[in-house]
Structures are given as C-alpha cells and as structure tokens.
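Below, each chain spelled out in residue letters.
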Amino acid sequence: MNLSVEHIAIPATDPVALKNWYERVLGAKIVWESGQNPPTFLITLSNVWFEIYAAETALSERGNNKLAGFRHIALRVDSLDAAKTELEKRGVKFSDAERPAAGGGRVLFFADGEGNLLHLVERTKDSQFGKN
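Residues numbered from 1 in each chain as written. Predicted model: local features only at pLDDT ≥ 70, side-chain atom pairs only at ≥ 80, totals over all residues. Heavy atoms only, no water.

Some thoughts on the overall build of the chain
We count it as follows: Here a helix means four or more residues in a row that DSSP labels H or I, a strand means two or more in a row labelled E, and each is numbered from the N terminus. With C-alpha atoms as the basis for the radius of gyration, the globule rule is written as 2.2 Å multiplied by the number of residues raised to the power 0.38. Note on definitions: a residue-residue contact is assigned when non-hydrogen atoms from the two residues lie within 4.5 Å. Shrake-Rupley sampling with a 1.4 Å probe provides the accessible areas, and residues are treated as covered by the protein chains on show and by no other component. Positive charges are assigned to Lys and Arg, negative charges to Asp and Glu, while His and the chain termini are left out of the count. Charge placement uses NZ in Lys and CZ in Arg. For Asp and Glu, CG and CD serve respectively.
Looking only at helices and strands, one finds 2 helices and 8 strands in the chain. Secondary structure elements of the chain occur, N-terminal to C-terminal, as β-α-β-β-β-β-α-β-β-β. The globule rule puts the C-alpha radius of gyration for 132 residues at 14 Å, and the 16 Å found for the chain is close to it. If one aligns the C-alpha atoms of the chain with their principal axes, the spans along those axes are about 50 × 40 × 30 Å. Within the chain, contacts between residues at least 6 apart in sequence are counted, and of these 51% link residues at least 24 apart. As displayed, the chain offers around 8400 Å² of accessible surface, 51% of which is attributable to carbon and sulfur atoms. Here the chain contributes 16 positively and 17 negatively charged side chains, and the mean placements of these two sets differ by 6 Å.

This is the structure:
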C-alpha cells in the first residue's frame, strides 16, 4: 500500500474569513472552491493542501495544545526571527515566548484567524532533522 497525506481539514465558523486569512497572512493559494453556501475550499500552502469548510460548532478549547487529537500545524522557516517580523506586519500576535524544538531548533506558536494553533519551526544545522 502506498499512502500519502492529501489534505488536512480545518472546520471553520466562517470558512470565507479563514480562507482569506490563510491567503493574506501565509500566502496560501486556492486549489478548488465548491461554489456552495456555505462554501468549501481547498487551499495550498507550499505542497500541503488544507480543506476549509463550515463547522457545526466551535470548541472554546481549540487553542489548548494538550488536548487529545490533532493540535497544531508546524511551518518550517529558514529564520524564525524574520518570519516572526513578517507575520507581525500581517497582524499575527505571538503571545508565548519561543521555545526549543523537539530534535533541535526553535519554535514559536501563534493562532490563525479562528484560534487554531500553528507554529513556526526553525531547524539549526546541528538539529537531528538538519537545517531548513
């Protein structure tokens, strides 16, 4: 069996606003749009697809990184400091301090337009995963 990840789903209370956030802040591109109301979108960020569609309910705990299940998306960057500066210009707020990354490097968490967790990860040359 040959498996690969095709997309990651992000249910949203406002799919259009969340799609717009990913486009404006992270430079995502639309791959497909359902044309329905509420809409469903497939967007791409680098080589990863995300499906954004209407949620039935919102969880107040979605920003808690310790809950069971999928909790965050890690975005690898060449420079954590440069990426942080650029994202702050685009309105991203970083509430926590950076911390060491598992396997070497640094991470810095932030939330998307609906409070879902993402983090930047910068790998150093001495990281077991190698420099970016």
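That was the structure; now back to the text.
Overview of the sheet that holds strand β1 (residues 7–12)
The strands making up a sheet associate through backbone hydrogen bonding, with each pair oriented either parallel or antiparallel. Put simply, the rule is: Two strands pair if DSSP finds at least two bridges between them. The convention used is that axes are lines fitted to C-alpha atoms, helices contributing only their stretch in contact, and that angles between N-to-C directions extend from 0 to 180 degrees.
Taken together, the 4 strands give an open sheet; going across it, the order is β1-β4-β3-β2, and neighbouring strands pair in mixed fashion. Bordering the open sheet on either side are β1 and β2 (29–33), each of which pairs with just one other strand. The sheet shows a mean angle of 25° between the axes of neighbouring strands, direction not considered. Summarising the sheet, strand β3 (residues 41–45) and strand β4 (residues 48–54) pair through 5 bridges and their orientation is antiparallel. Within β4, the position partnered with F41 by the bridge is I52.

A word on the sheet that holds strand β6 (residues 99–100)
Strand order in the open sheet formed by 4 strands is β5-β8-β7-β6, and the pairing between neighbours is mixed. With partners counted over all chains shown, the strands left at the sheet margins are β5 (72–76) and β6, one partner each. Pairing geometry for strand β7 (residues 106–111) and strand β8 (residues 117–122), over 6 bridges, is antiparallel. Directly across from A111, in β8, lies its bridge partner L117.

Digging into the packing of aromatic side chains
Note the following rule: Only rings of Phe, Tyr and Trp enter the pairing, Trp through its six-membered ring, and a pair is recorded when the two centres are within 6.5 Å. The plane angle decides the type: under 30 degrees is stacked, over 60 is edge-to-face, the rest tilted. Remark: a charge is flagged as sitting over a ring if the NZ atom of Lys or the CZ atom of Arg is within 6 Å of the ring centre and within 35 degrees of the ring normal.
The tally for this structure, following the rule as stated, stands at 3 aromatic pairs. Pairwise contacts between aromatic rings join W21, Y22 and F50 into one cluster. The lysine or arginine in question, K19, covers the ring of F41, its NZ or CZ lying 5.2 Å from the ring centre.

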